[in-house]
Amino acid sequence: QVQLVESGGGLVQPGGSLRLSCAASGFTFSRYAMSWYRQAPGKERELVAAIINTGGSTNYADSVKGRFTIARDNAKNTVHLQMNSLKPEDTAVYYCNVDRGWGRNTWGQGTQVTVSS
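Residues numbered from 1 in each chain as written. Predicted model: local features only at pLDDT ≥ 70, side-chain atom pairs only at ≥ 80, totals over all residues. Heavy atoms only, no water.

Chemist: How do you make sense of the pattern of salt bridges when you look at a structure like this?
Modeler: It is possible for side chains of opposite charge to pair when their charged atoms get near one another. By the definition in use, this model includes four salt bridges. Here R38 ties to E46 by a salt bridge, and the two come within 2.7 Å at their closest N and O atoms. Classification of R38 by relative accessible area gives buried; the value is 6%. Since its relative accessible area comes to 34%, E46 is described here as partly exposed. Between D62 and K65 there is a salt bridge, and its shortest N-O distance comes to 3.1 Å. A relative accessible area of 66% means that D62 is categorised as exposed. Taken together, the shared-partner salt bridges connect R38, E46, R67 and D90 into one network. (Salt bridge = Lys/Arg side-chain N within 4 Å of Asp/Glu carboxyl O. Buried < 20%, exposed > 50% of the residue type's maximum accessible area, 1.4 Å probe, protein only.)

Encoded structure:
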């Protein structure tokens, strides 16, 4: 059973930092790219960051470039999102995702990030 479990969300003041983690199980983690998405109230889900299977290449939404860093640990089947200099507009539910093709697209349950003073 493929499973993604996010953790690390919470309430943080503007300018603060959070580190999200996603623990993966039920598939060969090191074979697949991993992604973080987010969805704010009333908005569509959007891609925040992605990392290839080896960790050698990453991609970021323009809105988070220079502030967020995605990284993975293939030995521990985990992917992280380090979020610095957080802004109120980063407030959203953040989701971990793996798309293994052939309709095998899996989402985690999401973790809430709220940036507010």
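Chemist: Would you mind going over the nonpolar core with me for this structure?
Modeler: The biggest cluster of nonpolar side chains holds 30 residues, and the ones touching the most others in it are M34, W36, V79, L81, M83 and Y94. At the level of secondary structure, the elements contributing two or more residues to this core comprise strand 3 (18-25), strand 4 (34-39), strand 5 (46-51), strand 7 (68-73), strand 8 (78-83), strand 9 (92-99) and strand 11 (111-115). Those residues in contact with V79 that sit more than four places away from it in its chain are L20, S21, C22, F29, M34, W36, I51, I70, A71, R72 and C96. (Core = buried A, V, L, I, M, F, W, Y, C linked by side-chain atoms within 4.5 Å. Helix = DSSP H or I, 4+ residues; strand = E, 2+ residues; numbered from the N terminus. Contact = heavy atoms within 4.5 Å.)

Chemist: Looking at this structure, I do not really get the side chain of D90. What am I missing?
Modeler: Position of D90 among the secondary structure elements: in the loop between strand 8 and strand 9. Residue D90 is classed as buried on the basis of its relative accessible area of 0%. When near neighbours in sequence (up to four residues on either side) are disregarded, D90 contacts R38, R67, F68, S85, V113 and V115.

Chemist: Can you walk me through the packing of aromatic side chains in this structure?
Modeler: Geometry of an aromatic ring pair is reported as the spacing of the ring centres plus the angle between the planes. One pass over the structure, following the stated rule, counts four aromatic pairs. Ring centres of Y95 and W107 lie 6.3 Å apart, and the angle between their planes is 90°; on these two criteria the pair is classed as edge-to-face. Taken as a pair, Y95 in strand 9 and W107 in strand 10 (residues 105-107) lie far apart in primary sequence, twelve residues in all. Judged by relative accessible area, Y95 falls into the buried class, the value being 14%. Following the ring pairs from residue to residue traces out a cluster consisting of F27, F29 and Y32. Sitting above the plane of the Y95 ring, R45 keeps its charged end 3.8 Å from the centroid. (Phe/Tyr/Trp six-rings, centres within 6.5 Å; stacked < 30°, edge-to-face > 60°. Lys NZ or Arg CZ within 6 Å of the ring centre and 35° of its normal.)

Chemist: Explanation requested: the environment of T114 in the structure shown.
Modeler: You can see T114 is positioned in strand 11. Among the residues examined, T114 registers a relative accessible area of 26% and is labelled partly exposed. Along the chain, T114 and A92 lie 22 residues apart, while their C-alpha atoms are 6.6 Å from each other. Not counting chain neighbours up to four residues away, the residues in contact with T114 comprise G10, L11, V12 and T91.

Chemist: Teacher, can you tell me more about the pairing of strand 8 here?
Modeler: The side chains of a regular strand alternate between both faces of the sheet. Burial of strand 8 is extensive: five of the six residues sit out of reach of the surface. Here strand 3 runs beside strand 8; their pairing, made up of six bridges, is antiparallel. When the bridges of strand 8 are listed, C22 appears paired with V79. Two elements, strand 7 and strand 8, share six bridges in a ladder whose sense is antiparallel. Residue D73 lies in a different strand from strand 8, and its bridge partner there is T78. A loop of four residues connects strand 7 with strand 8, the two strands running antiparallel in sequence, and N77 in this loop sits at a positive phi of about 55°. (Pairing = 2+ DSSP bridges.)

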